[in-house]
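The residues making up each chain are set out below.
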Amino acid sequence: MRYVKRAIEDYEMIAPGDKIAVGVSGGKDSVALLRILAHLRDYSHLSFSMVAIMIDPGWKEVDIGPLADFCSKFDIPFYLVKHPIARIIAAKGENNPCSLCAKLRSGLLYSKAVSLGCRRVALGHHLDDVIETFFLNLVHAGYLRTFRPVVYLERMGIHLIRPFSYVPESALVHFVAREGLPVLPPLCPYAGKTQRAAMKEIVEFIAQRYPYFRERFRTALQNVSLADLWKQRRPKDDHGGLDL
Ligand SMILES: Nc1ncnc2c1ncn2[C@@H]1O[C@H](COP(=O)(O)OP(=O)(O)OP(=O)(O)O)[C@@H](O)[C@H]1O
(Lines give C-alpha, C1' and ligand atoms only; values in the text may rest on other atoms or scores of the structure.)
Protein backbone atom coordinates (compact mmCIF):
# COMPACT_ATOMS: atom_id res chain seq x y z
CA MET A 1 0.00 0.00 0.00
CA ARG A 2 2.89 2.34 0.84
CA TYR A 3 4.39 1.86 -2.64
CA VAL A 4 1.04 2.40 -4.32
CA LYS A 5 0.42 5.64 -2.45
CA ARG A 6 3.90 6.87 -3.27
CA ALA A 7 3.56 6.16 -6.98
CA ILE A 8 0.13 7.84 -7.06
CA GLU A 9 1.61 10.91 -5.36
CA ASP A 10 4.89 11.04 -7.30
CA TYR A 11 3.08 10.95 -10.64
CA GLU A 12 -0.11 12.79 -9.62
CA MET A 13 -2.14 9.86 -10.88
CA ILE A 14 -5.43 10.83 -9.25
CA ALA A 15 -7.06 14.27 -9.06
CA PRO A 16 -10.06 15.17 -6.88
CA GLY A 17 -13.34 14.11 -8.47
CA ASP A 18 -11.76 11.70 -10.97
CA LYS A 19 -13.79 8.77 -12.22
CA ILE A 20 -11.36 5.92 -12.80
CA ALA A 21 -11.96 2.94 -15.06
CA VAL A 22 -9.98 -0.08 -13.91
CA GLY A 23 -9.13 -2.52 -16.70
CA VAL A 24 -9.74 -5.98 -15.29
CA SER A 25 -8.62 -9.22 -16.92
CA GLY A 26 -9.59 -11.25 -13.87
CA GLY A 27 -5.89 -12.02 -13.29
CA LYS A 28 -4.21 -11.40 -9.95
CA ASP A 29 -2.76 -7.97 -10.80
CA SER A 30 -5.93 -6.28 -11.92
CA VAL A 31 -8.02 -7.88 -9.16
CA ALA A 32 -5.49 -6.65 -6.59
CA LEU A 33 -5.69 -3.21 -8.22
CA LEU A 34 -9.48 -3.17 -7.82
CA ARG A 35 -9.17 -4.08 -4.13
CA ILE A 36 -6.47 -1.51 -3.35
CA LEU A 37 -8.11 1.34 -5.26
CA ALA A 38 -11.42 0.56 -3.53
CA HIS A 39 -9.59 0.80 -0.21
CA LEU A 40 -8.03 4.15 -1.14
CA ARG A 41 -11.39 5.42 -2.41
CA ASP A 42 -12.99 4.59 0.96
CA TYR A 43 -10.19 5.28 3.45
CA SER A 44 -7.74 7.87 2.07
CA HIS A 45 -7.79 11.60 1.43
CA LEU A 46 -8.05 10.86 -2.30
CA SER A 47 -11.50 11.61 -3.57
CA PHE A 48 -12.47 9.63 -6.66
CA SER A 49 -14.98 7.11 -7.92
CA MET A 50 -14.25 3.96 -9.89
CA VAL A 51 -15.72 1.37 -12.22
CA ALA A 52 -14.35 -1.98 -13.44
CA ILE A 53 -14.27 -2.84 -17.14
CA MET A 54 -13.51 -6.31 -18.44
CA ILE A 55 -13.01 -7.04 -22.14
CA ASP A 56 -13.88 -10.63 -23.00
CA PRO A 57 -12.01 -11.49 -26.22
CA GLY A 58 -13.92 -14.76 -26.58
CA TRP A 59 -11.00 -17.18 -26.30
CA LYS A 60 -13.00 -19.44 -24.01
CA GLU A 61 -16.00 -19.51 -21.69
CA VAL A 62 -15.22 -17.88 -18.34
CA ASP A 63 -17.39 -17.76 -15.26
CA ILE A 64 -17.17 -14.12 -14.25
CA GLY A 65 -19.60 -14.67 -11.34
CA PRO A 66 -16.97 -14.47 -8.55
CA LEU A 67 -15.50 -11.28 -10.00
CA ALA A 68 -18.90 -9.62 -10.45
CA ASP A 69 -19.79 -10.55 -6.83
CA PHE A 70 -16.49 -9.14 -5.59
CA CYS A 71 -17.15 -5.84 -7.41
CA SER A 72 -20.64 -5.61 -6.03
CA LYS A 73 -19.34 -6.30 -2.47
CA PHE A 74 -16.97 -3.34 -2.79
CA ASP A 75 -19.47 -1.12 -4.52
CA ILE A 76 -17.67 -1.03 -7.87
CA PRO A 77 -19.91 -0.93 -10.97
CA PHE A 78 -18.76 -3.79 -13.23
CA TYR A 79 -19.00 -3.70 -17.04
CA LEU A 80 -18.32 -6.68 -19.28
CA VAL A 81 -17.59 -5.94 -22.95
CA LYS A 82 -17.67 -9.00 -25.19
CA HIS A 83 -15.94 -8.77 -28.54
CA PRO A 84 -14.96 -11.58 -30.97
CA ILE A 85 -11.24 -10.76 -30.89
CA ALA A 86 -10.31 -14.46 -30.89
CA ARG A 87 -12.39 -15.06 -34.02
CA ILE A 88 -10.93 -12.02 -35.78
CA ILE A 89 -7.40 -13.24 -35.04
CA ALA A 90 -8.17 -16.79 -36.19
CA ALA A 91 -9.75 -15.48 -39.43
CA LYS A 92 -6.69 -13.36 -40.20
CA GLY A 93 -4.31 -16.27 -39.55
CA GLU A 94 -2.39 -13.73 -37.49
CA ASN A 95 1.23 -14.66 -36.71
CA ASN A 96 1.50 -12.14 -33.86
CA PRO A 97 -1.80 -12.77 -32.02
CA CYS A 98 -0.68 -11.17 -28.74
CA SER A 99 0.06 -7.82 -30.32
CA LEU A 100 -3.23 -7.63 -32.26
CA CYS A 101 -5.24 -8.88 -29.28
CA ALA A 102 -3.64 -6.26 -27.02
CA LYS A 103 -4.35 -3.49 -29.55
CA LEU A 104 -8.00 -4.43 -30.01
CA ARG A 105 -8.48 -4.97 -26.26
CA SER A 106 -6.99 -1.60 -25.38
CA GLY A 107 -9.13 0.18 -27.97
CA LEU A 108 -12.29 -1.39 -26.56
CA LEU A 109 -11.24 -0.65 -22.98
CA TYR A 110 -10.49 3.03 -23.66
CA SER A 111 -13.69 3.58 -25.67
CA LYS A 112 -15.83 2.00 -22.96
CA ALA A 113 -14.08 4.13 -20.33
CA VAL A 114 -14.73 7.31 -22.30
CA SER A 115 -18.37 6.33 -22.87
CA LEU A 116 -18.74 6.00 -19.07
CA GLY A 117 -17.26 9.45 -18.49
CA CYS A 118 -13.90 8.17 -17.19
CA ARG A 119 -10.83 10.23 -18.03
CA ARG A 120 -8.40 7.91 -16.22
CA VAL A 121 -7.86 4.24 -17.01
CA ALA A 122 -5.96 2.24 -14.40
CA LEU A 123 -3.95 -0.81 -15.44
CA GLY A 124 -2.42 -3.52 -13.25
CA HIS A 125 1.15 -3.39 -14.64
CA HIS A 126 3.67 -3.78 -11.83
CA LEU A 127 7.41 -3.22 -11.42
CA ASP A 128 8.32 -6.64 -12.84
CA ASP A 129 6.26 -5.84 -15.97
CA VAL A 130 8.19 -2.56 -16.28
CA ILE A 131 11.57 -4.34 -16.04
CA GLU A 132 10.61 -7.23 -18.32
CA THR A 133 9.33 -4.77 -20.95
CA PHE A 134 12.62 -2.89 -20.76
CA PHE A 135 14.57 -6.10 -21.43
CA LEU A 136 12.19 -7.21 -24.19
CA ASN A 137 12.74 -3.92 -25.98
CA LEU A 138 16.47 -4.08 -25.41
CA VAL A 139 16.95 -7.65 -26.59
CA HIS A 140 14.41 -7.88 -29.40
CA ALA A 141 14.24 -4.33 -30.75
CA GLY A 142 17.42 -2.54 -29.66
CA TYR A 143 15.62 0.14 -27.65
CA LEU A 144 16.08 1.54 -24.15
CA ARG A 145 12.44 1.90 -23.44
CA THR A 146 9.62 0.73 -21.19
CA PHE A 147 6.19 2.00 -20.20
CA ARG A 148 5.62 4.99 -17.93
CA PRO A 149 3.57 5.26 -14.72
CA VAL A 150 1.30 7.81 -16.41
CA VAL A 151 0.66 8.33 -20.11
CA TYR A 152 -1.69 10.86 -21.66
CA LEU A 153 -3.49 9.56 -24.76
CA GLU A 154 -4.27 12.75 -26.58
CA ARG A 155 -6.47 11.12 -29.23
CA MET A 156 -8.80 9.71 -26.58
CA GLY A 157 -8.35 12.49 -24.02
CA ILE A 158 -7.56 9.99 -21.25
CA HIS A 159 -4.69 9.32 -18.87
CA LEU A 160 -3.48 5.76 -18.45
CA ILE A 161 -2.31 5.28 -14.88
CA ARG A 162 -0.28 2.40 -13.45
CA PRO A 163 -0.53 2.59 -9.65
CA PHE A 164 1.56 -0.62 -9.23
CA SER A 165 4.59 0.82 -11.05
CA TYR A 166 6.67 0.61 -7.83
CA VAL A 167 5.25 -2.73 -6.65
CA PRO A 168 7.13 -5.99 -7.28
CA GLU A 169 5.01 -8.86 -8.53
CA SER A 170 5.81 -11.02 -5.48
CA ALA A 171 4.08 -8.48 -3.20
CA LEU A 172 0.92 -8.79 -5.29
CA VAL A 173 1.05 -12.58 -5.17
CA HIS A 174 1.16 -12.43 -1.36
CA PHE A 175 -1.53 -9.78 -1.16
CA VAL A 176 -3.95 -11.74 -3.36
CA ALA A 177 -3.39 -14.93 -1.34
CA ARG A 178 -3.70 -13.17 2.02
CA GLU A 179 -6.93 -11.40 1.04
CA GLY A 180 -8.36 -14.46 -0.73
CA LEU A 181 -9.20 -12.38 -3.81
CA PRO A 182 -11.17 -14.05 -6.63
CA VAL A 183 -8.68 -14.63 -9.45
CA LEU A 184 -10.14 -16.07 -12.65
CA PRO A 185 -8.26 -18.56 -14.86
CA PRO A 186 -6.37 -16.80 -17.71
CA LEU A 187 -8.64 -15.67 -20.57
CA CYS A 188 -5.78 -16.09 -22.99
CA PRO A 189 -4.51 -19.41 -24.44
CA TYR A 190 -1.00 -17.96 -24.81
CA ALA A 191 -0.64 -16.99 -21.13
CA GLY A 192 2.79 -17.93 -19.75
CA LYS A 193 4.14 -18.97 -23.15
CA THR A 194 5.25 -15.60 -24.43
CA GLN A 195 8.71 -14.07 -24.76
CA ARG A 196 7.86 -12.25 -21.55
CA ALA A 197 8.12 -15.52 -19.63
CA ALA A 198 11.77 -15.83 -20.72
CA MET A 199 12.48 -12.27 -19.49
CA LYS A 200 10.84 -13.11 -16.17
CA GLU A 201 13.40 -15.87 -15.68
CA ILE A 202 16.26 -13.49 -16.48
CA VAL A 203 14.99 -10.84 -14.04
CA GLU A 204 14.62 -13.46 -11.33
CA PHE A 205 18.13 -14.75 -12.03
CA ILE A 206 19.63 -11.27 -11.54
CA ALA A 207 17.47 -10.57 -8.47
CA GLN A 208 18.65 -13.80 -6.82
CA ARG A 209 22.18 -12.50 -7.03
CA TYR A 210 21.40 -8.83 -6.33
CA PRO A 211 18.37 -8.73 -4.01
CA TYR A 212 17.81 -4.98 -4.50
CA PHE A 213 17.80 -5.28 -8.27
CA ARG A 214 14.14 -4.40 -8.81
CA GLU A 215 14.24 -1.38 -6.52
CA ARG A 216 17.51 -0.24 -8.13
CA PHE A 217 16.00 -0.62 -11.55
CA ARG A 218 13.11 1.64 -10.61
CA THR A 219 15.40 4.32 -9.22
CA ALA A 220 17.60 4.00 -12.31
CA LEU A 221 14.59 4.85 -14.48
CA GLN A 222 14.21 8.01 -12.41
CA ASN A 223 17.95 8.81 -12.56
CA VAL A 224 18.73 8.64 -16.26
CA SER A 225 21.92 10.44 -17.10
CA LEU A 226 20.85 11.70 -20.51
CA ALA A 227 24.17 13.46 -21.11
CA ASP A 228 25.89 10.06 -20.97
CA LEU A 229 23.67 8.41 -23.53
CA TRP A 230 24.93 8.31 -27.10
CA LYS A 231 24.07 10.66 -29.91
CA GLN A 232 20.59 9.65 -31.11
CA ARG A 233 19.85 8.30 -34.56
CA ARG A 234 17.88 10.47 -36.97
CA PRO A 235 14.11 9.87 -36.94
CA LYS A 236 14.20 8.24 -40.40
CA ASP A 237 16.33 5.45 -38.92
CA ASP A 238 13.72 4.85 -36.23
CA HIS A 239 12.10 1.47 -36.74
CA GLY A 240 10.04 1.74 -33.56
CA GLY A 241 10.26 -0.31 -30.37
CA LEU A 242 8.33 -3.45 -29.72
CA ASP A 243 4.64 -2.98 -29.35
CA LEU A 244 4.32 -4.42 -25.84
N1 LIG B 1 -9.34 -8.48 -20.90
C2 LIG B 1 -9.03 -7.35 -20.26
N3 LIG B 1 -9.99 -6.46 -19.94
C4 LIG B 1 -9.69 -5.30 -19.30
N5 LIG B 1 -8.45 -4.96 -18.92
C6 LIG B 1 -7.45 -5.82 -19.21
C7 LIG B 1 -7.68 -7.05 -19.89
N8 LIG B 1 -6.50 -7.70 -20.03
C9 LIG B 1 -5.58 -6.91 -19.46
N10 LIG B 1 -6.13 -5.78 -18.96
C11 LIG B 1 -5.45 -4.69 -18.24
O12 LIG B 1 -4.11 -4.58 -18.70
C13 LIG B 1 -3.20 -4.90 -17.62
C14 LIG B 1 -1.99 -5.63 -18.16
O15 LIG B 1 -2.43 -6.73 -18.90
P16 LIG B 1 -1.60 -8.07 -19.01
O17 LIG B 1 -2.23 -8.92 -20.05
O18 LIG B 1 -0.16 -7.73 -19.10
O19 LIG B 1 -2.00 -8.72 -17.65
P20 LIG B 1 -1.22 -9.34 -16.46
O21 LIG B 1 0.13 -8.72 -16.23
O22 LIG B 1 -1.31 -10.82 -16.56
O23 LIG B 1 -2.19 -8.77 -15.31
P24 LIG B 1 -3.46 -9.45 -14.71
O25 LIG B 1 -2.91 -10.27 -13.58
O26 LIG B 1 -4.31 -8.31 -14.26
O27 LIG B 1 -4.09 -10.27 -15.80
C28 LIG B 1 -4.02 -5.72 -16.63
O29 LIG B 1 -3.48 -5.68 -15.34
C30 LIG B 1 -5.36 -5.03 -16.74
O31 LIG B 1 -5.37 -3.82 -16.00
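First, a word on what this report is: a plain description of the structure on this page. (Residues numbered from 1 in each chain as written. Predicted model: local features only at pLDDT ≥ 70, side-chain atom pairs only at ≥ 80, totals over all residues. Heavy atoms only, no water.)

Section: the packing of aromatic side chains
Now for step 1: The final tally for this structure, using the stated rule, is six aromatic pairs.
Now for step 2: Ring geometry for phenylalanine 134 versus phenylalanine 217: centroids 5.0 Å apart, planes at 80°, classification edge-to-face. With a gap of 83 residues between them, phenylalanine 134 in helix 6 (residues 127-141) and phenylalanine 217 in helix 9 (residues 213-221) connect regions that are remote in the sequence.
Now for step 3: Under the relative-accessibility criterion, phenylalanine 134 is labelled buried at 15%.
Now for step 4: For phenylalanine 217, a relative accessible area of 10% translates into the label buried.
Now for step 5: Linked through ring pairs, Phe134, Phe135, Phe213 and Phe217 together constitute an aromatic cluster.
Now for step 6: Lying across the ring of tyrosine 143, arginine 145 places its NZ or CZ 5.7 Å from the centre.
Now for step 7: Lying over the aromatic face of tyrosine 166, arginine 218 brings its terminal NZ or CZ to 4.1 Å of the ring centre. (Phe/Tyr/Trp six-rings, centres within 6.5 Å; stacked < 30°, edge-to-face > 60°. Helix = DSSP H or I, 4+ residues; strand = E, 2+ residues; numbered from the N terminus. Buried < 20%, exposed > 50% of the residue type's maximum accessible area, 1.4 Å probe, protein only. Lys NZ or Arg CZ within 6 Å of the ring centre and 35° of its normal.)

What about the pairing of strand 6 (residues 158-161)?
Strand residues, when the strand is regular, have side chains that alternate between the two faces of the sheet.
Now for step 1: Here strand 4 (residues 120-122) pairs with strand 6 via three bridges, running parallel. Bridged to alanine 122 within strand 6 is isoleucine 161.
Now for step 2: The pairing of strand 5 (residues 150-153) with strand 6 spans four bridges and is classified as antiparallel. Residue pairing in the sheet places leucine 153 in a bridge with isoleucine 158 of strand 6.
Now for step 3: What sits between the antiparallel neighbours strand 5 and strand 6 is a turn of four residues, in which glycine 157 has the positive phi angle 70°. (Pairing = 2+ DSSP bridges.)

Here's the deal with the site of the ligand
Now for step 1: In the neighbourhood of the ligand, 16 residues make up the surrounding shell, with Gly23, Ser25, Asp29, Ser30 and Ile55 lying closest.
Now for step 2: Measuring from an oxygen atom of the ligand, one finds a backbone N or O atom of aspartate 29 at 2.8 Å.
Now for step 3: Looking at the shell around the ligand, the elements with two or more residues in it are helix 2 (28-43) and strand 2 (48-56).
Now for step 4: Taken together, the residues that form the shell around the ligand break down as six nonpolar, six polar and four charged. (Near = heavy atom within 4 Å. Polar contact = N/O pair within 3.5 Å; in protein donor to acceptor, adjacent residues only side chain to side chain. Nonpolar A, V, L, I, M, F, W, Y, C, P; charged D, E, K, R; others polar.)

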